[in-house]
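# Structural features, examined
Here's the letter readout for the chains.
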Amino acid sequence: MKLKLTVAAAVAAVAGMAAAQDVQVVKIGHVAPMSGGQAHYGKDNENGARMAVEDLNTQNIVIGGKKIKFELVAEDDAADPKQGTAAAQKLCDAKVNGVVGHLNSGTTIPASKVYNDCGIPHITGAATNPNLTKPGYKTTYRIIANDNSLGAGLAFYAIDALKLKKVAIIDDRTAYGQGVAEVFKKTALAKGMAVVDEQFTTDKATDFMAILTSIKSKAPDAIFFGGMDPQAGPMLRQMEQLGMTNVKYFGGDGLCTNEVAKLAAGAKTLDNVVCAEGGASLAKMPGGEAWKKRYDAKFPGQFQIYSPYTYDATMVLVDAMKRANSTDPKVYTPEIIKTNYKGVTTTIGFEANGELKNPAITLSVYKDGKKTALN
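Quantities reported herein were computed from a predicted structural model and do not represent experimental measurements.

### Here we look at the UniProt feature "domain: Leucine-binding protein" (unreviewed entry) in the protein chain
- In this structure's numbering, the residues bearing the UniProt feature "domain: Leucine-binding protein" (unreviewed entry) are residues 26-359.
- Along residues 26-359, the helical share is 42% and the strand share 19%, with 30 Å between the first and last C-alpha atoms.

Structure representation (structure tokens):
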């Protein structure tokens, strides 16, 4: 009897070892600002990717005859281009199987060359500068509308719907801020709107009194700000202090967050904000509201804007691996361009340059301090 038990135990142990050997760890990299003024976006993005990895690990996925266990390898780029390329190189050296990120255009654009050079695909659900896809890297993909859609959409709304005549433009000198502001400006000028002043700041500034005072003297109907919510919130408070309570305030997805309402700290000027983000509103996303309930249960109070996209970006990478029956970037990367994936945000497919096909945009305003979709 003892011998039988010992033999049975040995057989079970060998089977267990074989099963353990058949499990392959697949690493998905994620990069976003996890420190500094934009850490709330970064945490939200990472949450989306982490939620996707957790969901994938419940599916018992087998690729190339091996059961796959997915792991998220998270890096912080602090919204800094140098840290962004360093993080990208770190993920290359760690031989991750794919990357979701980065958040900022200013970090994603230089990082994209690093990923191209080491042959690892990356998908951003947040960086919107059109220059990202211009080099034509076969490793670079975006699953959100770019600034050409966001800046132009806001200019059309300002002129066609609100009948505004004069605008002042401020940007934060980042690749994102300058990019979206330039598209807005070009579209506004082409439609006959007057640009009465142009100012710039930085993505670290908090005092805008001097540039707002200069703008006030030009009496614009609106201000367009190319930048993020850590600057937009204080700027709205200072506009109220200067009596600029009738001036509309436009911006792209960088300030189209729940956080901007907190940062505006009750300023009446929040009521004048019109912002645009790539993609449909949560209510109009195919799986948006059900997904958001699950997200809130896991990460209460942390939702900002891009996490549904980082969730889908992770799923798109794995969908390509499954179709290629390989987790090797060299083998599965060519499958990404053929993607037809029904995601939380939309049905995802790519143009030849890695841009999302048929990108939607959503315009939002703030009512009683809450972001409310216009379309």
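### Some points on the pairing of strand 14 (residues 361-367)
- Burial runs high along strand 14: 5 of the 7 residues are buried.
- For strand 11 (residues 273-278) and strand 14, the ladder comprises 5 bridges, and the chain directions are antiparallel. Paired with Ala-276 across the strands is Leu-363, a residue of strand 14.
- With 4 bridges joining them, strand 14 and strand 15 (residues 370-373) adopt antiparallel strand pairing. Within the sheet, the bridge partner assigned to Tyr-366 lies in strand 15 and is Lys-371.

### Some thoughts on the packing of aromatic side chains
- Under the counting rule described, the total for this entry stands at 9 aromatic pairs.
- Ring centres of Phe-225 and Tyr-249 lie 6.5 Å apart, and the angle between their planes is 35°; this geometry places the pair in the tilted category. In this pair, Phe-225 is assigned in strand 9 (residues 222-226) and Tyr-249 in strand 10 (residues 248-251), connecting sequence segments 24 residues apart.
- Classification of Tyr-249 as buried rests on a relative accessible area of 0%.
- Through successive ring pairs, a cluster of aromatic residues spans Trp-291, Tyr-295, Phe-299, Phe-303 and Tyr-311.
- The ring of Phe-200 is capped by Arg-173, whose NZ or CZ atom sits 4.4 Å from the centre of that ring.
- When the ring centre of Phe-303 is taken as origin, the NZ or CZ atom of Lys-292, which lies over that ring, is 5.0 Å away.

### A word on helix 12 (residues 329-336)
- Along helix 12, the residues classified as buried are Pro-329, Tyr-332, Thr-333, Glu-335 and Ile-336. Angular distribution of buried residues about the axis of helix 12 spans 155°; they occupy a single face of the element.
- Buried positions along helix 12 lie against strand 4 (98-101), strand 6 (140-142) and helix 11 (307-324).
- For helix 12, the capping residue at the N-terminal end is Asp-328, with a side-chain oxygen 3.0 Å from the backbone nitrogen of Lys-330.

### Side note on unusual backbone geometry
- In this chain, Gly-101 is followed by His-102 through a cis amide linkage whose omega measures 0°.
- Positionally, His-102 belongs in the loop between strand 4 and helix 4 (105-118).
- Within the chain, Ala-78 stands out as a residue other than glycine whose phi angle is a positive 50°.
- For Ala-78, the location among the structural elements is in the loop between strand 3 (66-76) and helix 3 (81-93).
- With phi around 50°, Ala-219 is a residue other than glycine that occupies positive phi space.
- Positionally, Ala-219 belongs in the loop between helix 7 (209-216) and strand 9.
- On the basis of relative accessibility, which here comes to 42%, the residue Ala-219 falls in the partly exposed class.

### Overview of the nonpolar core
- Counting residues in hydrophobic clusters, the biggest one holds 95 residues, and the most contacted among them are Phe-70, Leu-212, Ile-223, Phe-224 and Tyr-249.
- Looking at this core, the element that brings in the most residues is helix 11, giving 10 residues.
- The residues touching Phe-224, leaving out its near neighbours within four places in the chain, are Leu-154, Val-167, Ala-168, Ile-169, Ile-170, Val-180, Ala-181, Phe-184, Phe-250, Gly-251 and Gly-252.
- Among the nonpolar cores identified, the runner-up in size contains 11 residues, and Ala-88, Ala-111, Val-114 and Tyr-115 belong to it.

### Observations concerning the state of the cysteines
- Taken as a whole and judged by the stated rule, the model has 2 disulfides.
- Sulfur-sulfur distance for the disulfide between Cys-92 and Cys-118 comes to 2.0 Å. Disulfide Cys-92 to Cys-118: torsion about the S-S bond roughly -55°, handedness left-handed. One end of the pair, Cys-92, is in helix 3; the other, Cys-118, is in helix 4, and 26 residues separate them in sequence.
- Assessed through its relative accessible area of 8%, Cys-92 is described here as buried.
- Covalent S-S linkage joins Cys-256 and Cys-275, the inter-sulfur distance amounting to 2.2 Å. Judged by the torsion about the S-S bond (60°), the Cys-256/Cys-275 disulfide is right-handed. Residue Cys-256 is found in the loop between strand 10 and helix 9 (259-264), and its partner Cys-275 is found in strand 11; the two are separated by 19 residues along the sequence.

Cut-offs applied
- Residues numbered from 1 in each chain as written.
- Predicted model: local features only at pLDDT ≥ 70, side-chain atom pairs only at ≥ 80, totals over all residues.
- Heavy atoms only, no water.
- UniProt positions renumbered as here; feature names shortened; annotations may be inferred.
- Helix = DSSP H or I, 4+ residues; strand = E, 2+ residues; numbered from the N terminus.
- Buried < 20%, exposed > 50% of the residue type's maximum accessible area, 1.4 Å probe, protein only.
- Pairing = 2+ DSSP bridges.
- Phe/Tyr/Trp six-rings, centres within 6.5 Å; stacked < 30°, edge-to-face > 60°.
- Lys NZ or Arg CZ within 6 Å of the ring centre and 35° of its normal.
- Arc of directions from axis to C-beta.
- Contact = heavy atoms within 4.5 Å.
- Polar contact = N/O pair within 3.5 Å; in protein donor to acceptor, adjacent residues only side chain to side chain.
- Core = buried A, V, L, I, M, F, W, Y, C linked by side-chain atoms within 4.5 Å.
- Disulfide = S-S within 2.5 Å.

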